[in-house]
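Listed below, chain by chain, are the residues.
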Amino acid sequence: MLAKKIGFIGGGNMAKAIIGGLVNSGKIAPSDIFVYDRKADTNQALAEQYGINAAESADALAREVDILFGAVKPNVILKVLKELAGSLKKEALVVSIAAGVTLDSLSSVLGYDRKIVRAMPNTPSLVSEGMTSVTPNALVESAETDEVVAIFESFGKAAVVDEYLIHSVVGVSGSAPAYVFMFIEAMADAAVAGGMPRAQAYQFAAQTVKGAAQMVLTTGKHPAELKDMVCSPGGTTIEAVKVLEEKGMRSAVIEAMQQCMAKSEKLSRS
Ligand SMILES: NC(=O)C1=CN([C@@H]2O[C@H](COP(=O)(O)OP(=O)(O)OC[C@H]3O[C@@H](n4cnc5c(N)ncnc54)[C@H](OP(=O)(O)O)[C@@H]3O)[C@@H](O)[C@H]2O)C=CC1
Ligand SMILES: O=C(O)[C@@H]1CCC=N1
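Residues numbered from 1 in each chain as written. Chains lettered and ligands numbered in written order. Predicted model: local features only at pLDDT ≥ 70, side-chain atom pairs only at ≥ 80, totals over all residues. Heavy atoms only, no water.

**Remarks on the overall build of the protein**
Alright, step 1. Secondary structure assignment for the protein yields 12 helices and eight strands.
Alright, step 2. Considered along the principal axes of its C-alpha atoms, the protein spans approximately 70 × 40 × 30 Å.
Alright, step 3. Looking at the protein as a whole, 40% of its 270 residues are labelled buried.
Alright, step 4. Taking all contacts inside the protein whose residues are at least 6 apart in sequence as the whole, residues at least 24 apart take part in 62%.
Alright, step 5. Accessible area for the protein stands at about 15,000 Å²; split by element, carbon and sulfur atoms hold 57% of it.
Alright, step 6. In the protein, 26 positive and 29 negative side-chain charges are present, and the distance between their average locations comes to 3 Å. (Helix = DSSP H or I, 4+ residues; strand = E, 2+ residues; numbered from the N terminus. Buried < 20%, exposed > 50% of the residue type's maximum accessible area, 1.4 Å probe, protein only. Contact = heavy atoms within 4.5 Å. Areas by Shrake-Rupley, 256 points an atom, 1.4 Å probe, with all protein chains shown as cover. Lys, Arg positive; Asp, Glu negative; His and termini not counted. Charge placed at Lys NZ, Arg CZ, Asp CG, Glu CD.)

Okay, structure coming up:
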């Protein structure tokens, strides 16, 4: 059990995924989790769903917690953290999950003596399959970094990365569930076109993506070798592979991710 009080400023999609993952892990008591969103109904819904505490204000939450997650949009996070900085406990650690907001800009509003971690999680955290990067500033001790990694590992995988790699992380895991959902939706559409009921099509497509991912993670084989194992000579799969190559699937994915990473870089300069 983690004997720390953890707070969330912002109770939107990502905060909900982390809170859900943490509570489901059983590694922290829901009574040690606090949330403050500017919408009262969001606070109430999260408190009811997960048995956590809804704080009365951002300041009240900041005074209470040992680890504070900044889970508001990148364009407001600096203003929000600046306003509550004076209420934080001296030793409290701040974890920002905002895309494109650098450790330096976070320090500029929280104080250069504040322990800060930049993290980039993703929404599969909600089903305990998250992938999160963790980047501490120089003041964070290694035991504290381990603690933050352990928090994220309670609902998935986590790894420490250098700050310059965060743009790649945004592209390959932070934003990536969206592209995978589009892929699943497109596969299901084709199955529906072939006559399969919609719900069954989603089940077949999603389980196949999950199984293929599991093969990459557990067999140690190159993805190309795994693809070759599916392509029977003169068979069905190679026909699909040919069309995906003709339509430029690989370059579409690479270019899409490069745009995503470029936006992450642009956000960090603004
Ligand atoms: N969604 C994702 O997959 C991922 C998101 N992130 C990062 O997580 C952060 C949150 O993203 P996401 O959850 O998608 O966004 P959401 O818009 O879903 O959540 C943000 C929440 O914060 C609320 N909020 C805004 N201002 C304040 C304030 N001053 N005080 C308290 N609450 C406030 C918003 O309310 P309102 O709706 O009224 O504005 C909203 O409910 C972003 O910085 C994003 O970069 C990182 C990785 C993945
Ligand atoms: O779209 C966004 O900006 C956020 C960051 C990573 C995933 N969602």
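What follows picks up the thread again.
**Side note on the pairing of strand S2 (residues 33-36)**
The side chains of a regular strand alternate, residue by residue, between the two faces of the sheet.
Alright, step 1. Two strands pair when backbone bridges link them, and strand S1 (residues 6-9) and S2 are joined in this way by four bridges, in the parallel orientation. Within S2, the position partnered with Phe8 by the bridge is Val35.
Alright, step 2. Since S1 and S2 lie parallel, the crossover through helix H1 (residues 13-25) that links them has a hand, and here it is right-handed.
Alright, step 3. Where S2 lies against strand S3 (residues 53-54), two bridges are found, and the strand directions are parallel. In the strand pairing of S3, Val35 is matched with Ala54.
Alright, step 4. For the crossover that starts at S2, traverses helix H2 (residues 40-50) and ends in the parallel S3, the hand is right-handed. (Pairing = 2+ DSSP bridges. Right-handed = clockwise from strand over helix to strand, strands pointing away.)

**Considerations on the UniProt feature "domain: Pyrroline-5-carboxylate reductase dimerisation" (unreviewed entry) in the protein**
Alright, step 1. In the UniProt entry, the feature "domain: Pyrroline-5-carboxylate reductase dimerisation" (unreviewed entry) is given for residues 163-267.
Alright, step 2. Strand forms 0% of residues 163-267 and helix 82%; the C-alpha atoms that close the span are 14 Å apart. (UniProt positions renumbered as here; feature names shortened; annotations may be inferred.)

**Let's talk about the pattern of salt bridges**
Alright, step 1. Here the structure, examined in full by the defined rule, presents 14 salt bridges.
Alright, step 2. Of the charged contacts in the structure, one is a salt bridge between Glu147 and Lys4, with a shortest N-O distance of 2.7 Å. Of this pair, Glu147 sits in helix H6 (residues 142-153) while Lys4 is found in the segment before S1, placing the two residues 143 residues apart along the sequence.
Alright, step 3. Overall, the relative accessible area of 26% leaves Lys4 in the partly exposed class.
Alright, step 4. Across the pair Lys79 and Glu83 runs a salt bridge, and its minimum N-O distance is 3.3 Å. Remark: Glu83 and Lys79 occur in helix H4 (residues 74-84); sequence separation between them is four residues, near one turn of the helix.
Alright, step 5. Owing to a relative accessible area of 55%, Lys79 belongs among the exposed residues under this scheme.
Alright, step 6. Accessibility expressed as a relative area gives 54% for Glu83, which makes it exposed.
Alright, step 7. Salt bridges sharing partners connect three or more residues here, namely Glu91, Lys115, Glu141 and Glu144. (Salt bridge = Lys/Arg side-chain N within 4 Å of Asp/Glu carboxyl O.)

**Details of the UniProt feature "domain: Pyrroline-5-carboxylate reductase catalytic N-terminal" (unreviewed entry) in the protein**
Alright, step 1. Listed under "domain: Pyrroline-5-carboxylate reductase catalytic N-terminal" (unreviewed entry) in the UniProt record, and renumbered for this structure, are residues 5-100.
Alright, step 2. A helix fraction of 44% and a strand fraction of 19% characterise residues 5-100, whose end C-alpha atoms lie 26 Å from each other.

**Topic: the environment of Ile77**
Alright, step 1. Structurally, Ile77 is set in helix H4.
Alright, step 2. For Ile77, a relative accessible area of 0% gives the class buried.
Alright, step 3. Once the C-alpha coordinates of Ile77 and Ile97 are considered, the two residues, 20 residues apart in sequence, prove to be 9.5 Å apart.

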